[in-house]
Amino acid sequence: MKQIYLDHASTTPVRTEVLEAMLPYFSEEFGNPSSIYPLGQEASDAVAAARKTLASIIGASPREVFFTSGGTESDNWAIKGFARAHASKGHHIITSAIEHHAVFHTCKALERDGFEVTYLPVDEHGLVRPEDFEAAIRPDTILATIMFANNEIGTIEPIGALAAIAHEHGVSFHTDAVQAFGHEPIDVNELGIDMLSASAHKLYGPKGVGMLYVRKGIKLENLIDGGQQERGKRATTENVAGIVGFARAAELACAEMVPEHDRQLALRDHAIRRILAEIPHAKLNGSWKERLANNVNFSFEFIEGEGMLLQLAARGICVSSGSACTSGSLDPSHVLLAIGLPHEIAHGSLRLTLGRSTTQQDVDFAIDSLKATLENLRMMSPLYEDFKQGKVESVIERLAADGFPYTS
């Protein structure tokens, strides 16, 4: 049975060119970058070259880029490190209600330490309103952390406008750009970003390596203490092979960004139009316009998401119901609840995320399979039978009547 992988927001396969760049650093170039002899210095040079490459992609200085184990560590370090370093100036942080759990749970941890956090609401598309953001700023606000693009519904936030507002009030600005880095153009100076988190495995690089951009002058407490690696800011021997792979993956992604973005955008819109035209009781989640080019997220009425995923998996289709980090949870997505979906609709969500290998044939096969799967599940649904008999109303029809967009 053919496997169709449509979960690229969860992770991506390592590109052949990336693996080839990494392989020497597992074997003949295995030196520790902290060692002073040539084998160690060759590894140190490779890390420095990777740092320079990644910095150039976002318009930063190499000294502003620090390597981590991934996006989650980068988010934790940025938020906790900044909050603790600036606690004497204030204890208030602003974030959004739809952040990845790497940010959401980090903010909750800081609340237990005495910090106050405002979780901004979003509109029905998942967008933070700049006026809400500005209204939430207080004299004791020290940091705002708003994701660049949402990992579940793909909505791209107005980062430049939000960062400008933050700076007008003397507030530093961090963004979790894990889903956007390598897929959307990012210039930290143009956008006014003070800290940025990214991860290699979302753009065909290896798992277990990420980066944190920290603008010169921003002070952070260390998250990991020990040796003097990363200029004394993050202890532990550098993952040289992973770092080299990250830089190579980012380099390739940026070189191909425009044509690949346009190709995936066409496939995405084709998928959205087919689902809205051919599958009843469906709702597109998130903004259609301000959206990652590879993201399709729908809710379907009268079914449970787990059954849908299992039946699609049996047909060889790899998709998810939301964030890969919460796929084992029975709770509905906090993102879908935040954009106003009721529980029964949020439970029937499906996320398809396209990649470099995705073809229109793959998309069409997946949608044909989805149609058959939903018909099968609805045939077994007592709630759907009650709807057909007029005993219950369609929640999606009610949402459409209330002005929610993109429903069928």
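As a starting point, this report considers the structure included with it. In this text the structure is predicted, and so the values were computed from the model without any measurement. In every chain, residue numbers begin from 1 and rise along the written sequence. Under the rules for a predicted model, residues below a pLDDT of 70 receive no local features and side-chain atom pairs below 80 are neither given nor counted, while totals for whole chains, interfaces and linings still include all residues. The side-chain numbers reported here are obtained from all heavy atoms of the structure, hydrogens and water having been left aside.

Things to note about the overall build of the protein
- Labels follow the DSSP assignment, with helices taken as runs of H or I lasting at least four residues and strands as runs of E lasting at least two, numbered in each case from the N terminus. On a plain count of helices and strands, the protein comes out with 15 helices and twelve strands.
- Throughout, radius of gyration means the C-alpha value; the globule benchmark is 2.2 Å times the number of residues raised to the power 0.38. Taken against the 2.2 N^0.38 rule, which gives 22 Å for 408 residues, the C-alpha radius of gyration of the protein at 22 Å falls within 12% of a compact globule.
- C-alpha atoms of the protein, sized along the principal axes, occupy 75 × 55 × 35 Å.
- Counting across all 408 residues of the protein, residues that qualify as buried make up 56%.
- Residues count as neighbours in contact if any of their non-hydrogen atoms are within 4.5 Å of one another. Put simply, of all contacts in the protein between residues at least 6 apart along the chain, 75% involve residues at least 24 apart.
- On the protein, roughly 16800 Å² of surface is accessible, and the fraction owed to carbon and sulfur atoms is 53%.
- Taken as two groups, the 36 positive and 53 negative side-chain charges of the protein have centres that lie 2 Å from each other. Exposure classes here rest on a 1.4 Å probe applied to the protein chains alone. A residue is buried below 20% of its type maximum, exposed above 50%, and partly exposed in between. Only the protein chains shown count as cover for residues, with accessible areas throughout obtained via the Shrake-Rupley method and a probe of 1.4 Å. For the purpose of counting charges, residues Lys and Arg are taken to be positive, whereas Asp and Glu are taken to be negative. His and the chain ends are not included. Taken as the charge location is NZ of Lys, CZ of Arg, CG of Asp or CD of Glu.

Quick word on the sheet that holds strand S12 (residues 349–353)
- The sheet built from three strands is open, its strands ordered S9-S10-S12 with antiparallel pairing. Single-partner strands in this sheet number two, and they are strand S9 (282–284) and S12. When the angles between neighbouring strand axes are averaged without regard to direction, this sheet yields 25 degrees.
- Strands are labelled as partners when DSSP assigns at least two bridges between them. Where S9 lies against strand S10 (residues 295–300), three bridges are found, and the strand directions are antiparallel. In the strand pairing of S10, Ala-282 is matched with Phe-300.
- On the sheet, helix H9 (residues 257–278) packs against S9 and S10 and is oriented at approximately 15 degrees with respect to S10.
- Geometry is summarised by axes, namely lines fitted to C-alpha atoms with helices restricted to the contacting stretch, and by angles between N-to-C directions that run from 0 to 180 degrees. This element, helix H10 (residues 305–314), spans S10 and S12 of the sheet and lies at about 40 degrees to S12.

A look at a nonpolar patch on the surface
- For patches, a residue must show more than 30% relative accessible area and have no salt bridge; joins then use 9 Å for like charges and 5 Å for nonpolar side chains, namely Val, Leu, Ile, Met, Phe, Trp and Tyr. One side-chain nitrogen of Lys or Arg within 4 Å of one carboxyl oxygen of Asp or Glu is enough to make a salt bridge. Side chains of Val-14, Leu-19, Leu-23 and Phe-26 sit close together on the surface and give an oily, nonpolar patch of about 370 Å² of accessible area.
- Summarising the element assignment, Val-14 is placed in the loop between strand S1 (4–5) and helix H1 (16–22).

A few points about the packing of helix H2 (residues 38–57) against helix H8 (residues 240–255)
- Closest axis-to-axis distance for the H2/H8 pair is 9 Å, and the angle between their directions is 30 degrees. In terms of orientation, H2 and H8 fall into the roughly parallel class. Crossing handedness for the pair H2 and H8: left-handed. Contact residues: Ala-43, Ala-46, Val-47, Ala-50, Thr-53, Leu-54 and Ile-57 in H2; Val-240, Ile-243, Val-244, Phe-246, Ala-247, Ala-250, Glu-251 and Cys-254 in H8.
- Classifying every residue of the contact of H2 with H8 by side-chain character gives 13 nonpolar, one polar and one charged. Here the angle decides the label: under 35 degrees means roughly parallel, over 145 means roughly antiparallel, 65 to 115 means roughly perpendicular, and every other value means oblique. Helix crossings get a hand from a simple test, with the near helix turned counterclockwise from the far one by less than a right angle marking a left-handed crossing and a clockwise turn marking a right-handed one. Side-chain classes follow a simple rule in which Ala, Val, Leu, Ile, Met, Phe, Trp, Tyr, Cys and Pro form the nonpolar group, Asp, Glu, Lys and Arg form the charged group, and the remainder, Gly included, forms the polar group.

As for the sheet that holds strand S5 (residues 141–145)
- The strand order across the open sheet formed by seven strands is S2-S8-S7-S6-S5-S3-S4, and the pairing between neighbours is mixed. If you trace the sheet from one side to the other, it starts and ends with strand S2 (65–68) and strand S4 (116–120), each paired once. Sheet twist, expressed as the mean angle between neighbouring strand axes with direction ignored, is 20 degrees.
- Sitting on the sheet, helix H3 (residues 71–85) is in contact with S2, strand S3 (92–96), S5, strand S6 (172–176), strand S7 (195–199) and strand S8 (210–214), with an inclination near 160 degrees to S7.

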